[in-house]
Protein chains: 2
Amino acid sequence: MQVLSTTEENYLKSIFQLLKEGSEKVGTNDIAELTGTKAASVSDMLKKLAAKQLLSYQKYQGVSLTEEGAKTALLILRRYRLWEVFLVEKLKFNWDEVAAIAEELEHVKAPPLVRRLDEYLGFPKFDPHGDPIPDEFGEWSHTPRMILQEVSPGNAGKVVAVTNSSAAFLKYLDKVGIYIGARIEVVDKVEFDGSLELRVDGEKTSFLSREVAANLQVILHPS
Amino acid sequence: MQVLSTTEENYLKSIFQLLKEGSEKVGTNDIAELTGTKAASVSDMLKKLAAKQLLSYQKYQGVSLTEEGAKTALLILRRYRLWEVFLVEKLKFNWDEVAAIAEELEHVKAPPLVRRLDEYLGFPKFDPHGDPIPDEFGEWSHTPRMILQEVSPGNAGKVVAVTNSSAAFLKYLDKVGIYIGARIEVVDKVEFDGSLELRVDGEKTSFLSREVAANLQVILHPS
DNA sequence: TATGATTTTTAGATTAGTCTAAAAATAATT
DNA sequence: AATTATTTTTAGACTAATCTAAAAATCATA
Ligand SMILES: [Mn+2]
Ligand SMILES: [Mn+2]
Ligand SMILES: [Mn+2]
Ligand SMILES: [Mn+2]
């Protein structure tokens, strides 16, 4: 397990996330967009990471991570999410404020720090957005989840994760009273625009657009 | 208050510490030694920091910090020591294990993070080694202290700080039962080598070399 | 399948931080 | 005061990470 620069770690994590939400291979431009750089810079970095055996790369063909690359990415994600938990649980930040700070803290690599932080936080399994936290071996538990948008009317479930962590999205959820753990019943689904009418915690009635509902993951209650 | 790179911050903090423990001006070689670089690199950096008004510098004449440079250094030291407190108080690291980790964490600059960390820790005034923690304006309280080595036999005091934070020194203190807050009575001082015989917490009798006693600060009990 | 559009790579520069080796300045010692 | 020793600066080079502009490869579509 080699020592990587902050930049290399950021690229690796970005590639991992693109792979997770899409196809087998990711392209140079997608990486450039996510990392806020230009395609030319990405090309250089891909060669570097390929030389380090962290990804497999043939010119013009896109990249995928090697076993080692994926594991390395998971350990970075582990640090990122543990710090997110710390910031929300201990320092009382709101869940929409922690991304940028955790993005810096994740690069402090001292292994005893990560271990003790994990212990101090009570070995959390999920971060404030419901995303699973890999263990020290890069393993995580992934319970099958449903996208709220795909739940048909009459069913109820519990919100377990958000798949968008932008401040705008999270603030909106705060406003309409949706949080990780909230109980949601889908009352109706509008044919025209795919928006949902639902009850939150048995009380409040909300209307969510298709875009919003597509970014909420739930576990259905047995009916 | 400009944004500085990690490297610039490390130089600035090093220069501050050299100034605090010595003369009016510090030399290029001293800085190189403390930062683990070469004199040539230091010369370059001095020009850069002088251009940013953080230190005053004339070729071959050594440097001193400007008002702004000193304040900036104090704010870095603030972050460094707050993280030290966190690592010892919350994550249960020993006081000899925290230097390298805090040295990295100090560069995470998000201001709300520092504020909330301070609050979370209960606004500590001193770090685990007894060093004062500057407030958000770069101010700190400095009670007058005595060096244990200079306390004459028959007097007693309380250990308030160590002026060496090397793991070797701190582990040795652990071994002989000396800690911040320990009550110490100077029983005798050996003329020959300046070593001290003393009682710790009224119980154990210890013998400390001149070097060790020179790195302990105490406040005398009124006699 | 040729042609145009898009994506990706290369070529060549730039900046921050570092180094070694040589030159210049300052300090110490005959 | 001259000479030697030490310290500091400069000159020139290197690496990591970035960019723009141009070339090359792939993809899409007529
Ligand atoms: Mn990051
Ligand atoms: Mn998260
Ligand atoms: Mn540092
Ligand atoms: Mn300290």
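I will try to describe carefully the structure that is included in this document. Only a predicted model underlies this, so the values are computations on that prediction, with no experimental measurement involved.

**A closer look at the overall build of chain A**
Of the regular secondary structure elements, chain A holds eight helices and eight strands. Taking the principal axes of its C-alpha atoms as reference, chain A extends roughly 55 × 40 × 30 Å. When the 223 residues of chain A are sorted by exposure, 44% land in the buried category. In chain A, the proportion of contacts linking residues at least 24 apart, taken out of those at least 6 apart, comes to 62%. Here chain A displays about 11600 Å² of accessible surface, and carbon together with sulfur accounts for 51% of that area.

**Re the coordination of the manganese ion (ligand 2)**
All names here are of chain A. Those donors, Glu 84 (OE), Asp 127 (OD) and His 129 (ND1), are the protein atoms that reach the manganese ion (ligand 2), and they lie 2.1 to 2.3 Å from it. Ordering the donors of the manganese ion (ligand 2) by residue number gives the pattern E-x42-D-x1-H. A residue pair is termed long-range when its members are at least 10 positions apart, and Glu 84 in helix α4 (residues 67–90) and Asp 127 in the loop between α6 (111–120) and β3 (146–147) qualify at 43 residues. Asp 127 shares its class with Glu 84; the two are buried.

**Observations regarding the sheet that holds strand β4 (residues 156–162) of chain B**
Residue and element names in this part refer to chain B. The strand order across the open sheet formed by six strands is β3-β8-β4-β5-β6-β7, and the pairing between neighbours is antiparallel. What marks the edges here is a single partner per strand, and that holds for β3 (146–147) and β7 (204–208). Examined bridge by bridge, β4 and strand β8 (residues 216–220) share five bridges and lie antiparallel to one another. The partner of Ala 161 across the bridge, within β8, is Gln 217. Strands β4, β7 and β8 of the sheet are contacted by helix α7 (residues 167–176), whose axis makes an angle of about 150° with β7.

**Topic: the protein's contact with DNA strand D**
Contacts to DNA strand D come from 22 residues, most closely from A:Ser5, A:Ser41, A:Lys48, B:Tyr57 and B:Lys59. In DNA strand D, atoms within 4 Å of the protein come from the sugar-phosphate backbone in 80% of cases. Contact between DNA strand D and B:Asn29: a phosphate oxygen at 2.9 Å from a main-chain N or O atom of the residue. Contact between DNA strand D and B:Lys47: a phosphate oxygen at 2.9 Å from a side-chain N or O atom of the residue. Of all the secondary structure elements, the ones that give two or more residues to the surface near DNA strand D are α1 (6–20) and α3 (39–51) of chain A together with α2 (28–35) and α3 (39–51) of chain B. Of the residues that constitute the surface near DNA strand D, the class distribution is eight nonpolar, nine polar and five charged.

**Quick word on the protein's contact with DNA strand C**
Near DNA strand C you find 22 residues, and of these A:Tyr57, A:Lys59, B:Ser5, B:Ser41 and B:Lys48 are the closest. In the interface set of DNA strand C, defined as its atoms within 4 Å of the protein, sugar plus phosphate atoms amount to 80%. Between DNA strand C and A:Asn29 there is a distance of 2.9 Å, counted from a phosphate oxygen to a backbone nitrogen or oxygen. Of all the secondary-structure elements, those providing two or more residues to the surface near DNA strand C are α2 (28–35) and α3 of chain A together with α1 (6–20) and α3 of chain B. In terms of residue count, α3(B) provides more of the surface near DNA strand C than any other element does, five residues in total.

**Observations concerning the side chain of B:Thr72**
Tracing the chain through its elements places B:Thr72 in helix α4 (residues 67–90). With near-sequence residues (within four places) excluded, B:Thr72 lies in contact with B:Met1, B:Leu4, B:Leu12 and B:Leu54.

**Concerning the relation of the copies chain A and chain B**
Two copies of the chain are present, and they differ by a rotation about an axis and a shift along that axis. Structural alignment of chain A on chain B gives an RMSD of 0.1 Å, achieved by rotating through 180° and translating 0.0 Å along the axis. Seen this way, the second copy is the image of the first under a two-fold rotation axis. Ranked by how close their C-alpha atoms come to the rotation axis, the residues of chain A are headed by A:Leu105, at 3.7 Å. An overlap of 100% is found between the interface residues of chain A and their copies at the interface of chain B, pointing to a shared contact surface.

**Thoughts on the coordination of the manganese ion (ligand 4)**
Each pair of donors in an ideal four-coordinate tetrahedral metal site encloses 109.5 degrees, whereas pairs in an ideal six-coordinate octahedral site enclose 90 or 180 degrees. All names here are of chain B. Protein-derived ligands of the manganese ion (ligand 4) are Glu 84 (OE), Asp 127 (OD) and His 129 (ND1), with the metal-ligand distances lying across 2.2 to 2.3 Å. Between the donor residues of the manganese ion (ligand 4), the gaps in sequence give the motif E-x42-D-x1-H. One end of the pair, Glu 84, is in helix α4; the other, His 129, is in the loop between α6 (111–120) and β3, and 45 residues separate them in sequence. Accessibility assignment for this pair places Glu 84 and His 129 in one class, buried.

**Some thoughts on the pairing of strand β6 (residues 196–200) of chain A**
Residue and element names in this part refer to chain A. By the alternation rule, side chains of β6 split into Leu 196, Leu 198 and Val 200, which are all buried, and Glu 197 and Arg 199, of which none is buried. Pairing geometry for β6 and strand β7 (residues 204–208), over five bridges, is antiparallel. Counted as the bridge partner of Leu 196 is Leu 208 from β7. Between β6 and β7, which pair antiparallel and follow one another directly, the connecting turn spans three residues, one of which, Asp 201, has a positive phi of 55°.

**Concerning the side chain of B:Glu84**
Despite its burial, B:Glu84 remains without a salt bridge, the nearest opposite charge being carried by B:Arg81 at 5.3 Å. Apart from residues no more than four positions distant in its own chain, B:Glu84 is found in contact with B:Val98, B:Ala99, B:Ala102, B:Asp127, B:Pro128 and B:His129.

**Details of the sheet that holds strand β8 (residues 216–220) of chain A**
Residue and element names in this part refer to chain A. Across the sheet, which stays open at both edges, the six strands sit in the order β3-β8-β4-β5-β6-β7 with antiparallel pairing between neighbours. The outermost strands of the open sheet, each flanked by one partner alone, are β3 and β7. Both strand β5 (residues 183–189) and β6 contribute to a ladder of five bridges, which runs antiparallel. Note on β6: the bridge partner recorded for Glu 185 is Arg 199. Each of β4 (156–162), β7 and β8 touches helix α7 (residues 167–176); the most contacted strand, β7, lies at about 150° to it.

Definitions and cut-offs
Residues take numbers from 1 onward in each chain, read along the sequence in its written order. Chains and ligands are labelled by the order in which they are written, letters from A for the one and numbers from 1 for the other. Local features are withheld for residues below a pLDDT of 70 in this predicted model, meaning they are given only at 70 or higher, and side-chain atom pairs are given and counted only at 80 or more; totals for whole chains, interfaces and linings count all residues. Computation of side-chain values covers all heavy atoms of the structure but excludes hydrogens and water. Where helices and strands are cited, they refer to DSSP runs of H or I of at least four residues and of E of at least two residues respectively, numbered from the N terminus. Only protein chains enter the accessibility calculation, which uses a 1.4 Å probe; a residue whose area is less than 20% of its type maximum is buried, one above 50% is exposed, and one in between is partly exposed. Contacts: residue pairs with any heavy atoms within 4.5 Å of one another. Surface exposure here means Shrake-Rupley accessible area, sampled with a 1.4 Å probe, where a residue is shielded only by the protein chains that are shown. Metal sites are built from N, O and S donor atoms within 2.8 Å, or 3.2 Å for Na, K and Ca, and they leave out water, so they may look incomplete. Strands are treated as partners if at least two bridges between them are detected by DSSP. Interaxial angles span 0 to 180 degrees and are taken between N-to-C directions of axes, which are lines fitted to C-alpha atoms, for helices over the stretch in contact. Throughout, near means a residue has at least one heavy atom within 4 Å of the molecule or strand. Polar contacts here mean pairs of N or O atoms no more than 3.5 Å apart (in protein, one a potential hydrogen donor and the other a potential acceptor; neighbouring residues in sequence count only if both atoms are side-chain atoms). In this count, Pro and Cys sit with the nonpolar residues alongside Ala, Val, Leu, Ile, Met, Phe, Trp and Tyr, while Asp, Glu, Lys and Arg are called charged and the others, Gly among them, polar. Residues reaching a pLDDT of at least 70 in both copies supply the C-alpha atoms on which the copies are superposed by least squares. When charges are tallied, Lys and Arg are placed among the positive residues and Asp and Glu among the negative ones, while His and the ends of the chain are skipped. A side-chain nitrogen of Lys or Arg and a carboxyl oxygen of Asp or Glu constitute a salt bridge if their distance falls within 4 Å.

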